[in-house]
Every structure is written in C-alpha cells, then in structure tokens.
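Close look at the chain arrangement
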Amino acid sequence: MTIDIAETTSDASLTKSLERSAEIERQIAVDPSGFRILTGDRPTGRLHIGHYFGSLSNRVRLQGLGVTSFLLIADYQVIYDRDGVGELKDNVLNCLADYLAIGIDPAQTTIFAHSNVPALNQLVLPFLALTTDSELRRNPTVKDELASSNRPMSGLMLTFPVHQAADILFCKANLVPVGKDQLPHLELTRQIARRFDERYGRANPKQPVFPQADALLSEVPLLLGMDGSKMSKSKGNTIELGMDADTTAKLIKRAKTDADSHISYDPEARPEVSNLVLLAALCLGRSPEDVAEELGDAGGGGLKKLVTEAVNETFAPVRARRTELLADPGALWGILHEGNARANEVADATLKDVLTAMKMDY
Ligand code: TRP
C-alpha cells in the first residue's frame, strides 16, 4: 500500500520536504503543543472515499495526537472557476455531517467557513501587495487552469494562492497537511510571511508576525474512480461517504475490470483491477498484495464482491452517524457558528497585529 511519492520524481526539494515531514511527525509524537494545523475543502460537492483515504482520515489521526487544528470550509473558493454557487448550502451542511461522522471533534478542531470570517479575507489585501503578477501566473495550479480551461480566468482564480496564504496565516498555522501538488502554494505562503516581516515587521525581528508554515506530506494512496480515471466529483465516478450500501454496490458492480480472472496488484499494467484491490486493502487495513493473493483466481466478480463488502462495512458506522446528524440541521449549523466565532476571534487578533505592524492602528 505504501506508494513512495519520492520515487515518482527526482526533485531534490520533494525529498527534503519528505524528510522534514518525517521529522515533524517525530516531534508531534513527542509534543504536539508546538503545532497548529490548517486544512480545508472546497464545498463544490459531496466528500467521497478518495477524500477519506487521501486526507480526512489523516486529519482525524492528527487530531487524536492532540494537535490544535483549524478546518476550513472554503466557500469563497467555490466561485473562482464557476458562474454560480450550485448546491452550496446543502454541500456545506453535508460537509459538516461528514466531518463529524468520521470523527472530527468540534471541541478540538475549529470548523469554520471563509465567508463568515471577514478579518481573514481582509488579509488578502496586504498580501496581494507582497505578490507579483508573474509569481501568480507561474503557480502550477493557476497555469493549468490557464492552459486547460476554456473559460477566461477570473481574478479570484489568479489570486487564490494568496487567499490560501491568508487561510493559513490568519490562524498562524505552522503545519499544513498536503499532497505534493500543493507544495508551491506553501512556498508562496512562506514568502508572503517573510516579506511581510521584511517590509513592516523590522521593529521586532525576533518576533515575526507570521510563522513559516511547513507542509506535512504523507504517503497518500491514489484512488481512481470506478471508471478507472481520476476520482473526481465533477466526473461522477466517486463513492460518496454518504451513499447507501445499495448505491455503493451498484457503482462497484459497474466498475471496469479486465479479462484476466487471476487477481493481481499491478497498478501500471492493470490500473482498474489494482484500484479495486487497493480500495479493499485500505478498508481492511491490509496490503494490496496480500488481498490480491488471497483473491487468487476469484475473477472480477469475486473482487467486486470483496470490495463491496469491505467498503460497506467500513463506512456503515459513518453513514449511520451522518444520517443521525443530518436529522438535526440546526445543531450542525450551530457547530459551524461556534467554529466561526472562534475563527473570528483569532482572525481579529491577527489583523490587529498586521495593522499595528503597518502603522494603520488608528
Ligand atoms: N484548495 C483546497 C482544496 O481544494 C482547500 C483549501 C483552501 C486549502 N484553503 C486552503 C488547503 C489552505 C490548504 C490550505 O481542497
């Protein structure tokens, strides 16, 4: 199951980031009190099992180790590449239910939304003045969007890495669990923090306004969608956390396999079969090689039967808890309101530090 992400690229800075992440993991295990984490999701649809195994379960793990965490529902990021908000409110409510159902504890983790924390958003203004147009256009995500999208890029899309810096720095987070595609955003966040202090914070160089945030890279299993392409909300090939057992069974039944009835784990040669093996392995907490060996000549049918049982059993308690939570939307909104209030306190204090450093403390 361990996919060595260092293997896929020879980039020396990636190796360094991985080493740094391993060192941070060791420090957290000894004393989590020096760390503050920010993570977030765009509420453009429902959370799915790819999110679960890719990032949500890691957040619950870190919470369990006692790290203070902020969890952002990035609603202002929904509109950077689309014309409307879609089912935004429903997505946010479901997102809250998913978080709580998988074990995020609002007493330990502050869950909040962009739109409800004005001081966070205000940080974007001074941060924009510290960032150049060419830096933004060089950002890989922005560049991809520019190259692949057939719509004109919005100013919000162009500047979203700066907004993400505000997401991280408003709460002075020093740790951001990410995939390697997010490393350039983190680098920009560190630059903004450094430049802010160079430009305005010289009065007290020993105590910078903002910390230098580290990425916490983990070895993330890459799950494909049931059609064998990237698992993505927009492709409709996901198994959502909230789907019922029958819908899950139908989706897995339709999943692509191949003609060889001997099951093996070989992601390069047999991506679809291996993806199903990996999914079963993740649910069962076993290695995919082990699962493949046990299945032997079970064929596509046997494989799908095992995957369906494993997914449905793993997520049955989460689904039951979700249904319970969604029966009382008022309580879910209440949890968001409490998180927003806490995030506002933190953001207001940071904005005060910023305005003081900028001599705008009238
Ligand atoms: N862009 C992230 C996503 O699509 C969500 C996000 C918003 C985020 N702000 C962030 C992640 C800051 C890390 C840090 O999932």
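Here's a quick rundown of the structure. (Residues numbered from 1 in each chain as written. Predicted model: local features only at pLDDT ≥ 70, side-chain atom pairs only at ≥ 80, totals over all residues. Heavy atoms only, no water.)

**Digging into the pattern of salt bridges**
As enumerated under the stated definition, the model contains 19 salt bridges in all. For Arg 26, the salt bridge is made with Glu 23, and the minimal N-O distance between the two is 3.2 Å. One end of the pair is Arg 26 and the other is Glu 23, both in helix H1 (residues 12–30) and three residues apart, which spans about a single turn. Overall, the relative accessible area of 30% leaves Glu 23 in the partly exposed class. Across the pair Glu 294 and Arg 286 runs a salt bridge whose closest N-O atoms are separated by 2.7 Å. Taken together, the salt bridges that share partners define one network made up of Arg 42, Asp 81 and Arg 82. (Salt bridge = Lys/Arg side-chain N within 4 Å of Asp/Glu carboxyl O. Helix = DSSP H or I, 4+ residues; strand = E, 2+ residues; numbered from the N terminus. Buried < 20%, exposed > 50% of the residue type's maximum accessible area, 1.4 Å probe, protein only.)

**Some details on the packing of aromatic side chains**
Enumeration according to the criterion identifies ten aromatic pairs in this entry. Ring geometry for Tyr 52 against Phe 53: centres 5.1 Å apart, planes inclined by 85 degrees, an arrangement best described as edge-to-face. Classification of Tyr 52 by relative accessible area gives buried; the value is 18%. Residue classification places Phe 53 among the buried residues on the basis of a relative accessible area of 13%. Ring geometry for Phe 196 versus Tyr 200: centroids 5.0 Å apart, planes at 50 degrees, classification tilted. With Phe 196 and Tyr 200 both in helix H10 (residues 183–200) and four residues apart, the pair spans about one turn of that helix. (Phe/Tyr/Trp six-rings, centres within 6.5 Å; stacked < 30°, edge-to-face > 60°.)

**Structural notes on the pairing of strand S2 (residues 68–73)**
Here S2 lies mainly inside the structure; five of its six residues are buried. With six bridges connecting them, strand S1 (residues 36–41) and S2 associate as parallel partners. Paired with Ile 37 across the two strands is Ser 69, which belongs to S2. The β-α-β motif built from S2, the intervening helix H3 (residues 88–102) and the parallel element strand S3 (residues 109–113) has right-handed crossover chirality. (Pairing = 2+ DSSP bridges. Right-handed = clockwise from strand over helix to strand, strands pointing away.)

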